[in-house]
Structures are given as C-alpha cells and as structure tokens.
Amino acid sequence: MRDELTCSENRELLEAYALGALDEEEQRAVERHLAACPDCRAVAAELREAAHALPLALAAASPLRPPSSLKGRVLQAVAGDGGTTKKTGPRRSWRPRVALALGTLAVVAGFSAWNAHLSSALSQERSMRERLAQLVGRQETVLDIVDSPRARRALLVPPAGADSQAYGKVFTTPDLRDVVAMAARLDQPPAGQTYRLWLTETGRTHSPGRMVVNAQGFALLVFKAERRGPAYDEVRVVLQRGDAVTPAGRTVLVWRSAG
Amino acid sequence: MPDRFQPGGGDASLVARVAHGDAAAFGCLYDRYARDVYALAAHVVPSADAEEIVQDVFVRVWNKAAQFDAARGSFVAWLMTIARHRVIDELRRQRNPRRSLQEIEEVLMNKEDPASDVEEQAWVRERRLLVLEALRGLPAEQRRVVVLAYFGGLSRASIARELGWPLGTVKKRIQLGLQKLRRALTEDVNVEERERDEREVAR
C-alpha cells in the first residue's frame, strides 16, 4: 500500500472518485485523505453533486418511464413491513435472458464478412438502407436489427387490388426495443400528403412516425417500441394528410399477423 | 436546489418527514425521482429488472431516510449513490455492457426534443434540462469518458482499454469533463463563489 496522498495528489483523483471510476486501492486512498481533510471534502462534495445529477440528464432525454403501476407496488412494499428491511421472495434471475441477447450480438458480423455473401439485389437494398441509416445516424442500430439472426421480419405488401410494386419490411428482435421499418418503390407523395407508419397492437393503433421517401422511392424509419421484442397485430403504411392523427387515408402497404 | 422553488417542499424536508414514517412525503419523493432512477436502470438492464431496482432503491430510501444528512449533500446525490450502486452491480454481471452504453450516449445526444410529461413538476424538468444541456455541451471525448465511468461503472484503466486512448488522456478528460459539468450546474451560485474567492485573495 502506498503512502498517504497529498492534497494536490488527491485533487487529481476527485473527479474520477465522484464518477466512481477509481480502482479499489485508489478509492481507499482518497477516502482516507477525505476523512482527514475538510478542504478536499468540500471539493469532493461539489463534484459528487455534478456526477449524481447525470441520471437527470438521461431521464430528460430518455423515452423510458416507469410504469404507473410501480408506485403502488413500492408503496405497498414499504407499508407492508413497517420500516424494517424487506425481504422479497427469491429474486428472478435475468441473466439467462442477457446471455441470450449477448449470444445474438456476438453473431453480428463484420463488414467484409457480410459483404461477401450478398446477392447483388439484396446488396443494393442493403447499401441503400445503410446510406439512409447513416443519414439519420442510426446505422449501427439498423444493421444490428436487420442482420440479427433472431430478427423477425414482416413483409408489407400493397392491399389486394392495388396497382403497385411497392413493398416494405418491418424488423423486430426479441431482445431489443429498436424497430426498423423500410419501404421501397414508393411514389413521391402528392403535395400536402405524407406516408405514415401505423402499428396495431392489442387493439391499440398508433404511429411511430412518417416514412419520408427519397429520390429512389425508398423510406426508412427507426424507432423504439414501448417494450423489447414488440409483437404487432397489424402494420400499415398510409398515404394521408401531413397532419393526420388517425390512420385515415389510402393504405399503400399492409401486413397482418397470421395469428 | 432551494426549497422555495419546490411546491410540496424541498427534498431535504421531505426526506426528514420520511424518516418519521410519513408515507405522503415518501410518495412525493417517488413522484419526483422514480423516473430518473428508472432511466438509470432501464438503459442497462431489462425493464422488469429496472422496475425491481426502482423498488429496491425506494425501499432503501424509506428504511434509511434517518441516515440522510443534508449537510453532506443533496437528496438527489444520496439517492443516486444508492441507485447507481445497485445498477452497476447488475451491469457488472454482463460480460459486455458496451452496447447499453452506446445506447445511452445516443439517447443523450438524440436531437429530438425531450418529451415532457404532464405531471412533471416544472422545476424538476428545468433541472433535468439544465443537466442535459450541460452534458451535451461537453466535447464528445469528455462526454464519452463521463458516460462510460458513471453509467458504465468502468474504471479509468478500463475506459482507456475500451477506447484505445492513453491512460493519461482518459484521466485528463475525466477531470475536464466533470469540472465543466460542475461549473455549468453551479452557474447560479457563481456570484457567491466569486465573492468567496475575492475574500480569499484579500486575506
């Protein structure tokens, strides 16, 4: 074990200490110094406030929210035990699920590997996807989802009787909330209208966003589902007024769950 | 954050009431910060486990409220110390937390306007946005080491390995990043700070 830290040595470590980024030995040395040094303690306290404000930033930017039912469960947990430490039943283990997810990720191949085995048609679609994904800064998400061996793919086709060559695909994986939706061979929408994706799950229909068509008739939308491995009953691309809040309009592509 | 801006009472007075078994005060603290604890957890563990973490953390708040000492720091810092500890514990069981961390970085830099909740108190929202803005204002390299350290529980040496940066560079960026963040978050007390500095110079 090394000698005690001087104040200036200690100051050098305080940011990392506040962020929890010191190894155990360094951390113990800082704690020994702080116990004896009110000046450094004051600096450490300020840095600690800054570090532990970080979850607030994440909460501001994140779409994830605790379910409203959770509050009741928490209140019940504290009411039930009169303030003593609560021991709940055996903890569910989530490690098997994580292991599965990691197994999936490990298969995501490098660029050269997957380039080699692509047919040219697929390759064109892929490079288009890639370019668009890059454009929206989501390339990695798109490739991870689309190339995942566990990806579930729904093929969207024009409704019966429609004179259209358009098609679309929606990719979900059981482990992630990310969803990739793409459509191809779409005409540019008439002025004032837009293509919008609509999802129906358990009787509820909502739209994660618009499908903006590029010059090649291709559209890509990447979004987060409300939960991992979302399962939809119906997916539709609807041509409608830009400000529409319901799926009213002309359905150009549709997929329905077989189940 | 001064109590006068906080309808329903400041965090410190609420937690003092919780220490006396006041369930309403507890519910109030839950409403304020469950979302932050949940975000901290839900980006690195499955949502069911994030819920469990939120529950564990708030049960601890209930049980340990008497140990909270406002003289040593804010309630948020105390709460997040508990929460982060719990989350990092779970995270360390994963062999490759990299992915979650990239997602956190992405979410933080997401250009879309952060969603506002109807029930979110205005001052809490302001506080959240202030921190978010401060974090977004950091140079990308500094933000990255801060995220890897705080949300990922990685040591400076692991960060250096992970990013392929020299250890000295990582150390410097951690220092600069958190110092900058601290300054951005304490701008409203800068006047006091300057006065104190002047007093010290005068001595």
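Right above here is the structure, for reference.
As the structure is a prediction and not an experimental result, all values here were calculated from the model.

Novice: Sorry if this is basic, but what is going on with the overall build of chain A here?
Specialist: A tally of helices and strands in chain A yields nine helices and eight strands. Within chain A, the proportion of its 259 residues that are buried is 32%. Restricting to contacts in chain A with at least 6 residues of sequence separation, those with at least 24 account for 60%.

Novice: Please explain the interface of chain A and chain B as it appears in this structure.
Specialist: With 50 residues of chain A at the interface, the matching set in chain B holds 65 residues. Those elements that place two or more of their residues in the side of chain A that touches chain B are α1 (7–18), α3 (38–51), α4 (54–61), α5 (69–80) and α6 (95–106) of chain A. Per-class residue counts for the side of chain A that touches chain B are 32 nonpolar, five polar and 13 charged.

Novice: Got a minute to help me understand the sheet that holds strand β7 (residues 234–241) of chain A in this structure?
Specialist: Residue and element names in this part refer to chain A. Strand order in the open sheet formed by four strands is β5-β4-β7-β8, with antiparallel pairing between adjacent strands. Every other strand in the sheet has two partners, leaving β5 (204–211) and β8 (250–256) as the edge strands with one partner each. Strand after strand, the sheet turns through a mean of 25° between neighbouring axes, direction not considered. In the sheet, β7 pairs with β8 via six bridges, with the strands oriented antiparallel. Counterpart to Val238 in the pairing with β8 is Thr251.

Novice: What is the right way to look at the sheet that holds strand β2 (residues 167–172) of chain A in this model?
Specialist: Strands belonging to one sheet form pairs held by backbone hydrogen bonds; the direction of such a pair is parallel or antiparallel. Residue and element names in this part refer to chain A. If you trace the four strands from one edge of the open sheet to the other, you get β1-β2-β3-β6, paired in antiparallel fashion. What marks the edges here is a single partner per strand, and that holds for β1 (152–156) and β6 (219–224). The average undirected angle you get between the axes of adjacent strands in this sheet is 15°. In this sheet, β2 lies alongside β1 in antiparallel orientation, the contact comprising five bridges. When the bridges of β2 are listed, Leu155 appears paired with Lys169.

Novice: Help me understand helix α9 (residues 167–185) of chain B in this model?
Specialist: Along an α-helix, residues three or four apart share an orientation, since each turn contains 3.6 residues. Over its 19 residues, α9(B) runs 27 Å from end to end, which matches the ideal 27 Å to within 8%, given 1.5 Å per residue. Among the residues of α9(B), those classed as buried are B:Val170, B:Lys171, B:Arg173, B:Ile174, B:Gly177, B:Leu178, B:Leu181, B:Arg182 and B:Leu185. The arc enclosing the buried residues of α9(B), seen along the axis, measures out at 170°, which places them on a common side. Looking at the buried residues of α9(B), the elements they touch are α1 and α3 of chain A together with α6 (122–136), α7 (140–150) and α8 (156–163) of chain B.

Conventions adopted
- Residues numbered from 1 in each chain as written.
- Chains lettered and ligands numbered in written order.
- Predicted model: local features only at pLDDT ≥ 70, side-chain atom pairs only at ≥ 80, totals over all residues.
- Helix = DSSP H or I, 4+ residues; strand = E, 2+ residues; numbered from the N terminus.
- Buried ≥ 20, exposed ≤ 12 C-beta atoms within 10 Å, placed from the backbone.
- Contact = placed C-beta atoms within 7 Å.
- Nonpolar A, V, L, I, M, F, W, Y, C, P; charged D, E, K, R; others polar.
- Pairing = 2+ DSSP bridges.
- Axes fitted to C-alpha atoms, helices over the stretch in contact; angles between N-to-C directions.
- Expected span 1.5 Å × (residues − 1).
- Arc of directions from axis to C-beta.

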